[in-house]
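Chain and residue survey
The primary structure of each chain is shown beneath.
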Amino acid sequence: MTVSTLALTPLISLIAGVLILVMPRLLNYIVAIYLIIAGLLGLFPHLAG
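Below is a summary of the structure that appears in this document. (Residues numbered from 1 in each chain as written. Predicted model: local features only at pLDDT ≥ 70, side-chain atom pairs only at ≥ 80, totals over all residues. Heavy atoms only, no water.)

Things to note about the overall build of the protein
- Scanning the protein from N- to C-terminus turns up two helices and zero strands.
- Across the 49 residues that make up the protein, the buried fraction comes to 2%.
- When the accessible surface of the protein is summed, it comes to about 4,500 Å², and 77% of that surface belongs to carbon and sulfur atoms. (Helix = DSSP H or I, 4+ residues; strand = E, 2+ residues; numbered from the N terminus. Buried < 20%, exposed > 50% of the residue type's maximum accessible area, 1.4 Å probe, protein only. Areas by Shrake-Rupley, 256 points an atom, 1.4 Å probe, with all protein chains shown as cover.)

Laid out in structure tokens, this is it:
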């Protein structure tokens, strides 16, 4: 089963949004993890697949 990045992004956003609503303290961690992953994929595009 192959999941493209375009299909995965909205799913991650939805899950993150729900988690932030349930536990607002997670916002810092979710944003930090997202920025780290986005930065790594920008620097090393071959990691994306």
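Things to note about a nonpolar patch on the surface
- Where nonpolar side chains cluster on the molecular surface, the patch consists of Tyr29, Ile33, Ile36, Ile37, Leu40, Leu41, Leu43, Phe44 and Leu47 and spans about 930 Å² of accessible area.
- Assessed through its relative accessible area of 40%, leucine 40 is described here as partly exposed. (Patch = residues over 30% accessible without salt bridge, like charges linked within 9 Å, V, L, I, M, F, W, Y side chains within 5 Å. Salt bridge = Lys/Arg side-chain N within 4 Å of Asp/Glu carboxyl O.)

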